[in-house]
Every structure is written in C-alpha cells, then in structure tokens.
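Spelled out from the first residue to the last, the chains are:
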Amino acid sequence: MTDTNHFLTKIADEKPVRLFLPIVDVDDRLLIQCVLKKTPTAHFQLLFKPGSLPVNKIDTNTSCLVNIDIGGKSISIESKILEIINNQTLKMVIQKTITHEQMREYFRVDCTVPIMISSIIPEEFGCPDDNWKIPGTTVDLSGSGLRASFSTKPPESTQVRLELAIPATKTTIIKTLASPVRISQLTEKLWDAAYQFDQIEDEDQDTIIGYCLIEQRRLLRLKVKIKEN
C-alpha cells in the first residue's frame, strides 16, 4: 500500500473539508466548504453543493490545498484536479500531505504586516508591569507561526497574546496565543523574534494560509518577470 493510499484510509468517508481553490487570473484563492468522498482507487472526490463551484473559473493547472481535521490534528493535502464532474464534483489525486509541524516551512512567505504582542494577563487582574503592548512588523509568516521585527525587546520565554492584520478586500485582525521560539538582538534598537502559534481558531488559520498562498503566487510571478527581463 502506498503512503497516499494509507493516508486515505485514515480519513472518514464523506468527511467535511475546506478547499483553497485556485482561480484563473486571480491571486486570491476561493475558500470553499465541501465533502471528501473516497473511491476504490488512489483518487478521491470533492463534492459541492449545486451552484457553489465556479467551474468556468477554476485554474486546473495549479494545485489545490485541502485542509482536513483528523483526530484533532490539522492536516493539509496538496492535490491536483484530474477532472470536473457534473459541475459539482472534482476528481482529485494527492501530491503530498503537510502536517501542522511541516506547515511552518512549507507555507512560510516573506511579507510585511503589522502585529501587536501583549501580556496574556487581563488588565483588571495584573499589576502595572503586566499591562504592556509591543508593536512589530512581520518578516515572514506561515499558518503556524511568524518571524517579526520589534523596536522594543519582547519578553523571553513568555507566552503572549498576538494580533496581526491580514490585508485583503477588508483587513482581518487575527488573534492568537503564541510562544517565542527565539529572540535575538540585531542592533541597539532592533530585535528579531520568531513565534509559534499555540492557540488559533481554524477560520483564522485558514485566513493566514490563504494569504500565504496569495503571496506565494505573487512572488512566483515576480520571479518569472525578473528572469524574463
């Protein structure tokens, strides 16, 4: 049994999943709910509500990302569309699976968005020293963490409340609990810090992953243009 077949056996049939669907000539990915149906072969199908699948706009040359919860663990499946069936079913094949632990490297993109870290102690319960906030700017971002620059030293070995503003048609503020992986001083007034997300809502993680996919596509286009020139 191949690794792909073995992975499919772990998934319950007709499992609700979330799909990041690539659209022709658009950087943004359509986040759409669907149902994963297993087949006797190594392929699987994604089933959609009638009228919800924009069949004429799907970029079938770009891989899709399927996000699925298995036993409380978030796993993403990079997959290729093999066929569009009856305008509401996609025949898919897995290219690779990506665990939460791998997500930091796989989805990491260079980007600059504003963030704010603050104490996890509520203001009404803490002393004045606990009521701190430090603004910063991301250096890179992924679905499971980020690296950022700060002009004030962040506290070490301390979990923080972390908020970041994801740009889109309407800016989305993501709130999460995060822990520092490393903090280093670059200059007299500049610190570099990496954080992993300890607690984040699925919808917020989807928003971050979607934004990372958009940035990956934009950067890839930029590289192609540079090579052509």
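This structure is a prediction, so every number in the text was calculated from the model and none was measured.

A. Broad picture of a negative patch on the surface. A cluster of like negative charges, contributed by Asp69, Glu201, Asp202 and Glu203, occupies part of the molecular surface. With respect to the element layout, aspartate 202 can be found in helix α3 (residues 202–228). The class of aspartate 202 is partly exposed, set by a relative accessible area of 36%.

B. The sheet that holds strand β3 (residues 44–47), seen in detail. Here 6 strands make up a closed barrel; going around it, the order is β1-β2-β3-β6-β5-β4 and the pairing antiparallel. Taken over all neighbouring pairs, the strand axes of this sheet differ in orientation by 45° on average, direction set aside. In this structure, strand β2 (residues 29–38) lies alongside β3, joined through 4 bridges in antiparallel fashion. Bridging across to β3, lysine 37 finds its partner in glutamine 45.

C. Representation of the packing of aromatic side chains. Scanning the model with the defined rule gives 1 aromatic pair in all. Aromatic side chains phenylalanine 150 and tyrosine 195 sit 6.5 Å apart centroid to centroid with 75° between the ring planes, which places their arrangement in the edge-to-face category. Of this pair, phenylalanine 150 sits in strand β10 (residues 145–150) while tyrosine 195 sits in strand β13 (residues 190–199), and the two are 45 residues apart along the sequence. Take phenylalanine 150 and tyrosine 195: they sit in the same class, and that class is buried.

D. Here's a closer look at the pattern of salt bridges. Taken as a whole and judged by the stated rule, the model has 6 salt bridges. Of the charged contacts, one joins glutamate 14 and lysine 37 as a salt bridge, the two residues approaching to 3.7 Å between their closest N and O atoms. Placement of glutamate 14 in the loop between α1 (3–9) and β1 (15–22) and of lysine 37 in strand β2 is noted, with a sequence separation of 23 residues between them. A salt bridge links glutamate 156 to lysine 153, with the shortest nitrogen-to-oxygen separation between them at 3.0 Å. Among the ionic contacts, a cluster of salt bridges with common partners joins Asp13, Glu14 and Lys37.

E. Focus on the environment of phenylalanine 7. Checked against the element boundaries, phenylalanine 7 lands in helix α1. C-alpha of phenylalanine 7 to C-alpha of threonine 97: the two residues are 90 residues apart in sequence and 8.6 Å apart in space. Setting aside residues no more than four positions away along its own chain, phenylalanine 7 makes contact with Ile70, Ile75, Ile77, Ile94 and Thr97.

F. Here's a closer look at the pairing of strand β8 (residues 114–118). Inspection of the sheet shows β8 paired to strand β9 (residues 133–141) by 5 bridges, in the antiparallel sense. Looking at β9, one finds that isoleucine 117 is bridged to isoleucine 134. For β8 and strand β11 (residues 160–166), the ladder comprises 4 bridges, and the chain directions are antiparallel. Of the residues in β11, the one forming a bridge with methionine 116 is glutamate 163.

G. Just the pairing of β10, in detail. Note: β9 against β10, 5 bridges, orientation antiparallel. Note that in β10 the partner of glycine 136 across the bridge is phenylalanine 150. Counting the residues between successive antiparallel strands, the hairpin from β9 to β10 contains 3 residues. Relative to β13, β10 is paired through 6 bridges, and the arrangement is antiparallel.

Quick notes on the rules
Residues numbered from 1 in each chain as written. Predicted model: local features only at pLDDT ≥ 70, side-chain atom pairs only at ≥ 80, totals over all residues. Heavy atoms only, no water. Patch = residues over 30% accessible without salt bridge, like charges linked within 9 Å, V, L, I, M, F, W, Y side chains within 5 Å. Areas by Shrake-Rupley, 256 points an atom, 1.4 Å probe, with all protein chains shown as cover. Salt bridge = Lys/Arg side-chain N within 4 Å of Asp/Glu carboxyl O. Lys, Arg positive; Asp, Glu negative; His and termini not counted. Charge placed at Lys NZ, Arg CZ, Asp CG, Glu CD. Helix = DSSP H or I, 4+ residues; strand = E, 2+ residues; numbered from the N terminus. Buried < 20%, exposed > 50% of the residue type's maximum accessible area, 1.4 Å probe, protein only. Pairing = 2+ DSSP bridges. Axes fitted to C-alpha atoms, helices over the stretch in contact; angles between N-to-C directions. Phe/Tyr/Trp six-rings, centres within 6.5 Å; stacked < 30°, edge-to-face > 60°. Contact = heavy atoms within 4.5 Å.

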